[in-house]
Amino acid sequence: MQKKWYRLDTAALIFPAVARRNWSNAFRVSATLNDDIDPDVLQSAADDMRLRFPSFFVTLRRGFFWYYLEESHSSAEVRSDYAYPLTFMSRRELKKSCIRILYYKNRIAVECFHSITDGRGGSVFLCNLAARYIELKYGVNIPREGILKALDEKPTAEELEDSFLKNSAKVGSRRSEERSYRLHGTREPTGFKTLTTGIVDTETLLDAAHGLSVTVTALLAAVMAKSIIAMQAEELPTRRRRAVKITVPVDLRRLYGSSTMRNFSLVLNVGVDPRIGDYTLAELARTIYHQLRAYATPQHMAGMIAANVLPQQVTAIRLCPVFLKNIVMDGVYRRSGESGGSINVSNIKELPLPEAMNGYVKRMEFIIGPQRSYPNNCSVMSYGGRTYINMIRSIEESELERRFFSGLVELGIPVEIECNRRN
């Protein structure tokens, strides 16, 4: 039987080209249940997902002109969560599967190579997997509503489409941005990734944001920016400092009404230049909030989409072999792919699970790995009245986490800390 294949979507094209040894662009979503996971039942649930979510059960292949995704006739093998989150996804592994389905005690985790989907798409997949597991394990019926899909239905064409192509402007926006300050530190010699989770009450966090007339995302980005500005000030004299900008992913499904399960998000770099003056936290929060409001519009984002879509349509680029495309894309990525931001703050917010699942699911989390050129990242998800702020790093120093969570406490937001390090 001939295997089905998928073109990489517009955002996904860059990831195979810029991957490096010991670095792959991946993320994790997880659901913690009340009881320990039965791996056999989880494997059955994963098997039931394959026909409804075919774009997840794929392998990465290299063609002459482009990389592409090829469907796998087998389901992803459920494995015990054997190490720290987001261990390196090698080329060899990606030729077998672009996702991992993992379990540890009462936690189900799905790790995705970013070429197949983004955080929102991965979260929808996880929720459907968890719902099917609960049905099989406990013999209950979970209503298929909202983000939950009927597993006996085929995916719609829109779920599998590259929504970037539909929503591109005629002219692309400029890519150039001033370089932001970069965090640095002592790299972990073994590649270990330290995960520090701050757990806060969602209502308290919302009250703090509303008290400044901003969103939770803007508040968290402001606290992060203030922490990094202070670290830079201790390291460099004023004349050598750079802008501090936070990279905030924008889910374009909301802007354009798309239901694609593939990548459909772009990032905005928002922040300030501390060389021109000092900012209070309130000023930072309002500045970032208004920048997000100004730039996260259908018109502006369409121009950003076009900057990625239009070059693909140039005949000379289309006919260029993949190894030359890799060289070009790697150069572009080094110059502008991550240079405009200091760190990510990615907030998926709360996913609308059916009430029937609430008695089985204790918490949900989202983790993005460190980027290629900077060692820290931050990702956020809320569930059941609690917000889980995951800060991951590939360096030994924990100064950013200390400053960031202390900043939340100073706002009157108590923080419960968990960490995967023993020392």
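These notes cover the structure that comes with them.

Reading guide: rules and limits
- Residues numbered from 1 in each chain as written.
- Predicted model: local features only at pLDDT ≥ 70, side-chain atom pairs only at ≥ 80, totals over all residues.
- Heavy atoms only, no water.
- Salt bridge = Lys/Arg side-chain N within 4 Å of Asp/Glu carboxyl O.
- Buried < 20%, exposed > 50% of the residue type's maximum accessible area, 1.4 Å probe, protein only.
- Helix = DSSP H or I, 4+ residues; strand = E, 2+ residues; numbered from the N terminus.
- Axes fitted to C-alpha atoms, helices over the stretch in contact; angles between N-to-C directions.
- Parallel < 35°, antiparallel > 145°, perpendicular 65-115°, else oblique.
- Left-handed = near helix turned anticlockwise from the far one by under 90°.
- Contact = heavy atoms within 4.5 Å.
- Nonpolar A, V, L, I, M, F, W, Y, C, P; charged D, E, K, R; others polar.
- Patch = residues over 30% accessible without salt bridge, like charges linked within 9 Å, V, L, I, M, F, W, Y side chains within 5 Å.
- Areas by Shrake-Rupley, 256 points an atom, 1.4 Å probe, with all protein chains shown as cover.
- Lys, Arg positive; Asp, Glu negative; His and termini not counted.
- Charge placed at Lys NZ, Arg CZ, Asp CG, Glu CD.
- Pairing = 2+ DSSP bridges.
- Arc of directions from axis to C-beta.
- Polar contact = N/O pair within 3.5 Å; in protein donor to acceptor, adjacent residues only side chain to side chain.

Here the focus is the pattern of salt bridges. If the charged atoms of two oppositely charged side chains come close together, the side chains can form a pair. Enumeration over the complete set of coordinates arrives at 26 salt bridges. The salt bridge involving Glu 93 is made with Arg 100; its shortest N-O contact spans 2.7 Å. Overall, the relative accessible area of 1% leaves Arg 100 in the buried class. Between Asp 273 and Arg 275 there is a salt bridge whose closest N-O contact spans 2.7 Å. One network of salt bridges, in which partners are shared, links Arg 28, Arg 79, Asp 81, Glu 93, Arg 100, Arg 107 and Glu 111.

Here the focus is unusual backbone geometry. Of note in the backbone geometry, Leu 86 takes a positive phi value of approximately 60° without being a glycine. Turning to its location among the elements, Leu 86 is positioned in the loop between strand E5 (78–80) and helix H3 (91–94). For Leu 86, a relative accessible area of 6% corresponds to the buried category. Positive phi, close to 55°, is recorded for Lys 105, a residue that is not glycine.

Direction vectors running N to C along helix H7 (residues 216–235) and helix H9 (residues 281–295) enclose 125°, while the axes themselves pass 8 Å from each other. Judged by the inter-axis angle, H7 sits oblique to H9. H9 is crossed by H7, and the crossing has right-handed handedness. Between H7, through Thr 217, Ala 218, Ala 221, Ala 222, Val 223, Ala 225, Lys 226 and Ile 229, and H9, the contact on the second element is made entirely by Leu 281, Leu 284, Ala 285, Ile 288, Tyr 289 and Leu 292. Within the contact of H7 with H9, the residues separate by chemical class into 12 nonpolar, one polar and one charged.

Moving on to a positive patch on the surface. There is a patch of like positive charges on the surface, built from Arg 62, Arg 91, Arg 92, Lys 95 and Lys 96. You can see Lys 96 is positioned in the loop between H3 and strand E6 (99–104). Of the residues examined, Lys 96 reaches a relative accessible area of 62% and is grouped as exposed.

Moving on: the sheet that holds strand E1 (residues 5–7). Strands sit in the order E1-E4-E3 across an open sheet of three strands; the sheet is antiparallel. Looking along the sheet, the strands with just one partner apiece sit at the ends: E1 and strand E3 (58–62). With direction set aside, neighbouring strand axes in the sheet form an average angle of 35°. Of the strand pairs in this sheet, E1 and strand E4 (residues 67–71) are connected by three bridges, and their pairing is antiparallel. If you follow Arg 7 over to E4, its bridge partner there is Tyr 68.

Let us now look at the environment of Ile 199. By the element assignment, Ile 199 lies in strand E8 (residues 194–201). Between the C-alpha atoms of Ile 199 and Tyr 84, which are 115 residues apart in sequence, the distance is 19 Å. Contacts of Ile 199, omitting those with residues within four sequence positions, involve Arg 363, Arg 386, Thr 387, Tyr 388, Pro 414, Val 415, Glu 416 and Glu 418.

This paragraph deals with the sheet that holds strand E2 (residues 26–33). With mixed pairing, the five strands of this open sheet are ordered in space as E5-E6-E7-E2-E12. Of all strands in the sheet, those with a lone pairing partner are E5 and strand E12 (361–368), marking the two edges. This sheet shows a mean twist of 20° between the axes of neighbouring strands, independent of strand direction. Note: E6 against strand E7 (residues 107–113), six bridges, orientation antiparallel. Residue pairing for E7: Ile 101 is matched across the bridge by Val 110. The sheet contacts of helix H2 (residues 39–49) involve E5, E6 and E7, and relative to E6 the element is tilted by about 155°. Along the sheet, helix H4 (residues 119–138) makes contact with E2, E6, E7 and E12, crossing E2 at roughly 30°.

All of the buried residues in helix H6 (residues 202–211) are Thr 202, Leu 205, Ala 208 and Ala 209. Each buried residue of H6 lies within a common arc of 125° when the element is viewed along its axis, so the set occupies one face. Turned more than 90 degrees away from the buried face of H6, the exposed residues are Asp 207, His 210 and Gly 211. Packed against the buried residues of H6 are E8, H7, strand E13 (376–383) and strand E14 (386–393). Between the side-chain oxygen of the N-cap and the backbone nitrogen of Glu 203 there are 3.2 Å, and the N-cap of H6 in question is Asp 201. Looking at the residues trailing H6, positive phi occurs at Ser 213, about 60°.

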